[in-house]
Amino acid sequence: MAVCLTRAGGFFYAVSTAVLMDGAALERALTRMAHEIVEHNPGPESLVFIGIRTHGVPLAQRLARKVGSILKREFPIGQLDINMHRDDLSLRDQPPKVGPSDITFDVTGKDIVLVDDVLFTGRTIRAALDEISDFGRPRKIQLASLVDRGHRELPIRPDYVGKNVPTAPQERVYVRLAEIDGKDEVVIER
Amino acid sequence: MTATTWKHKDLLGIQELTAAEINEVLDTAAAFKEVGDRAVKKVPSLRGKTMVNLFIEPSTRTRTSFELAAKRLSADVINITTTASSLVKGETLKDTALNLQALNVDIIVIRHSAAGAAHFLSRLLHASVINAGDGAHEHPTQALLDAFTIREKKGRIAGLNVTILGDILYSRVARSNIWLLTKLGAHVTLAGPSTLVPRVFEEFGCRVTYDIDEAIRDADVINLLRIQHERQRQTMFPSIGEYTAMFGLSKERFARTKPDAMIMHPGPINRGVEIDSEIADCGRSVILEQVTNGLAVRMAVLFLCAGRRNATEGTVGVRWSSNADG
């Protein structure tokens, strides 16, 4: 537990952060999720992984690698940027940064494992499901999330979870990954 | 989610933009270009918004491109042309615009023969105003799509030698391109007949030359402009034939350019006038790719200017903005 002062709106707030998962715990969680994916997908020939930018992408790559090493095969990996599909554009003062989606394989008939870092309101997943259907008609979509922090606003539930974390709505959960942030950890800011 | 730094409700010209804002449009356009490759070429970003194409001057290419861009963002589109509007009955541009705003239109794309028409509307309306060409002043989306094409093909813009050839004086494409390219650090050379390329353009930070062979020798990009018959009040050169002989991009001239020099043209091209027909169709010509990129750039511009809360909408806060989105 660390405490620091953050300045926001001219006032100083005490913000405390705690590490929920270190690198080793994160790695173990992904390994367990990979085994669960193997268990629930007896026919892996149509299995593909799609990560939601940004942090879902390296997570999808790692899961695909782990599942691949168990089943001794390689799986296609795609990435999705959901910002064009947001439902809150007309509520914002500034438009979001949009990045390219990159799905080079045909999703029709595939079993997709959709990967994100933190599952919260469920609105990102709603947008991702809409966007995937613009690329084709998959046979099945399953959801893998490294952290499930609750507070869903839509009827969405994950199939594979690294860690369930009870949170208050105003708390923030950050997943940091070596590929993007230089180290693996999950922290909560209260 | 990261927000963009884009703060404009309108796109009036390149002159008002910073290099960072220009790059923001180009980055956003790169994301939207991918939408064109999907099975369903449509995203819901501007669902529920209405765009009006107010074209007081003829255009098919730009108007179609804006219309398709809006439709691919799920906006509704109305097209108004001079002959079909009450402008012929004597209604002023101001009244036409205010009437459109009274219909709760969110975006007005305007092309007008008078420089400053878009700026005039932007001060009048809370709807987003996009300049699709105002007289001989600016055509910002053309410059942005040209820059997008250069960046995509050459990997950068800074340090490149870009030669703009032809009718500079009457060209809004030239002005927008000059502002954009110099802001992003390219070396711009202007060439053409002295009547159409006045020395005063050196004040924009470009080089002016009347020796076409010298102008294209070291060029990485050659952007050919159409002779604007409709904007020339008197003959600025003796004949089309003489223009072609003196300043047209012939096969002989093309052979003396750098082997990777790229040929651009905003269209519509006059084959056999400013460009030899075979060169227009050759592998180093990116004329049709410019059209494809124009769609992505216009999607980006509409998204940035109108893809957020506008003055007529509510101010309810949302929780989705916080944290890792969920």
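Residues numbered from 1 in each chain as written. Chains lettered and ligands numbered in written order. Predicted model: local features only at pLDDT ≥ 70, side-chain atom pairs only at ≥ 80, totals over all residues.

A.B. asks: Would you explain the overall build of chain B in this entry?
C.D. replies: Secondary structure summary: chain B contains 11 helices and nine strands in total. For 326 residues, the compact-globule formula gives about 20 Å, and the C-alpha radius of gyration of chain B, at 20 Å, lands near that figure. Oriented by its inertia axes, the alpha-carbon framework of chain B measures out at about 60 × 50 × 40 Å. Looking at chain B as a whole, 47% of its 326 residues qualify as buried. (Helix = DSSP H or I, 4+ residues; strand = E, 2+ residues; numbered from the N terminus. Rg over C-alpha atoms; globule rule 2.2 N^0.38 Å. Buried ≥ 20, exposed ≤ 12 C-beta atoms within 10 Å, placed from the backbone.)

A.B. asks: Please clarify how the sheet that holds strand β1 (residues 50–55) of chain B should be interpreted in this entry.
C.D. replies: Within a beta sheet, neighbouring strands are joined by backbone hydrogen bonds and run either parallel or antiparallel to one another. Residue and element names in this part refer to chain B. On the basis of which strands lie adjacent, the open sheet formed by four strands has the order β2-β1-β3-β4 and parallel pairing. Of all strands in the sheet, those bounded by a partner on one side alone are β2 (76–81) and β4 (128–134). Recorded for the sheet is a direction-independent mean angle of 15° between the axes of neighbouring strands. Sheet topology places β1 next to β2; six bridges connect them, and they run parallel. Note that in β2 the partner of Phe 55 across the bridge is Thr 81. (Pairing = 2+ DSSP bridges. Axes fitted to C-alpha atoms, helices over the stretch in contact; angles between N-to-C directions.)

A.B. asks: Please clarify how the nonpolar core should be interpreted in this entry.
C.D. replies: As a rule of thumb, soluble globular proteins bury nonpolar side chains together. Ile108(B), Val109(B), Ala300(B) and Leu302(B) are the most contacted members of the largest nonpolar core, which totals 95 residues. For this core, the leading source of residues is helix α11 (residues 287–306) of chain B, giving 11 residues. Of the residues that make up this core, three or more belong to each of domain 1 (19–138 + 291–321) and domain 2 (140–290) of chain B. Excluding its chain neighbours within four sequence positions, the residues that come into contact with Leu302(B) are Leu46(B), Ala69(B), Ala70(B), Leu73(B) and Ile107(B). The next biggest cluster of nonpolar side chains, apart from the first, holds 44 residues, and it includes Ile52(A), Phe75(A), Ile77(A) and Ile103(A). (Core = buried A, V, L, I, M, F, W, Y, C linked by C-beta atoms within 7 Å. Domains from an automatic or database assignment. Contact = placed C-beta atoms within 7 Å.)

A.B. asks: Help me out: how do you make sense of the domain arrangement of chain B in this one?
C.D. replies: When the parts of a complex come together, some accessible area is lost, and that lost area is often used as the size of the interface. Residue and element names in this part refer to chain B. Under the domain assignment used here, chain B contains domain 1 (19–138 + 291–321) and domain 2 (140–290). The straight-line distance from the C-alpha centre of domain 1 to that of domain 2 is 27 Å. Of all elements in the fold, only α1 (19–33), β4 and α11 reach the threshold of two or more residues within the side of domain 1 that touches domain 2. It is α11 that provides the largest number of residues to the side of domain 1 that touches domain 2, a total of seven residues. Classifying every residue of the side of domain 1 that touches domain 2 gives 10 nonpolar, seven polar and four charged. (Nonpolar A, V, L, I, M, F, W, Y, C, P; charged D, E, K, R; others polar.)

A.B. asks: Before we go on, may I ask you to explain the environment of Arg111(B) in this structure?
C.D. replies: Residues and elements named next belong to chain B. For Arg 111, the location among the structural elements is in strand β3 (residues 107–112). For the pair Arg 111 and Ile 227, spaced 116 residues apart in the sequence, the C-alpha separation amounts to 19 Å. In this view, Arg 111 contacts Phe 55, Ile 56, Glu 57, Ser 59, Thr 62, Ala 132 and Gly 133; residues no more than four positions away in its chain are not counted.

A.B. asks: I keep staring at unusual backbone geometry and nothing clicks. Help me out?
C.D. replies: The omega torsion across Arg53(A) and Thr54(A) is 0°, close enough to zero to call that bond cis. One can find Thr54(A) in the loop between β3 (47–52) and α2 (56–71). Each neighbour pair has its own omega, and for Gly267(B) with Pro268(B) the value is -5°, a cis peptide bond. Among the secondary structure elements, Pro268(B) is positioned in the loop between β9 (262–264) and α10 (277–280). Positioned with a positive phi, Lys72(A) is a non-glycine residue whose angle comes to about 55°. With respect to the secondary-structure elements, Lys72(A) resides in the loop between α2 and β4 (77–80). A tally of 6 C-beta atoms within 10 Å means that Lys72(A) is categorised as exposed. With phi around 60°, Asn104(B) is a residue other than glycine that occupies positive phi space. Summarising the element assignment, Asn104(B) is placed in the loop between α3 (93–102) and β3.

A.B. asks: Would you explain the packing of α1(B) against α11(B) in this entry?
C.D. replies: All names here are of chain B. The geometry of α1 relative to α11 is characterised by a closest axis approach of 8 Å and an angle of 115° between their N-to-C directions. Helix-helix and strand crossings are classified by hand; for α1 and α11 the assignment is right-handed. Every residue of α11 that contacts α1 at Val 25, Thr 28, Ala 29, Phe 32 and Lys 33 is listed here: Asn 293, Ala 296, Val 297, Met 299, Ala 300, Val 301, Phe 303 and Leu 304. Looking at the contact of α1 with α11, its residues break down into 10 nonpolar, two polar and one charged. (Left-handed = near helix turned anticlockwise from the far one by under 90°.)

A.B. asks: When you look at the environment of Ala19(B) in this model, what are you seeing that I'm missing?
C.D. replies: Residues and elements named next belong to chain B. In this structure, Ala 19 sits in helix α1. Sequence separation between Ala 19 and Arg 151 is 132 residues, and the spatial gap between their C-alpha atoms is 14 Å. In this structure Ala 19 touches Lys 183 and Leu 184, once residues within four positions along its chain are discounted.

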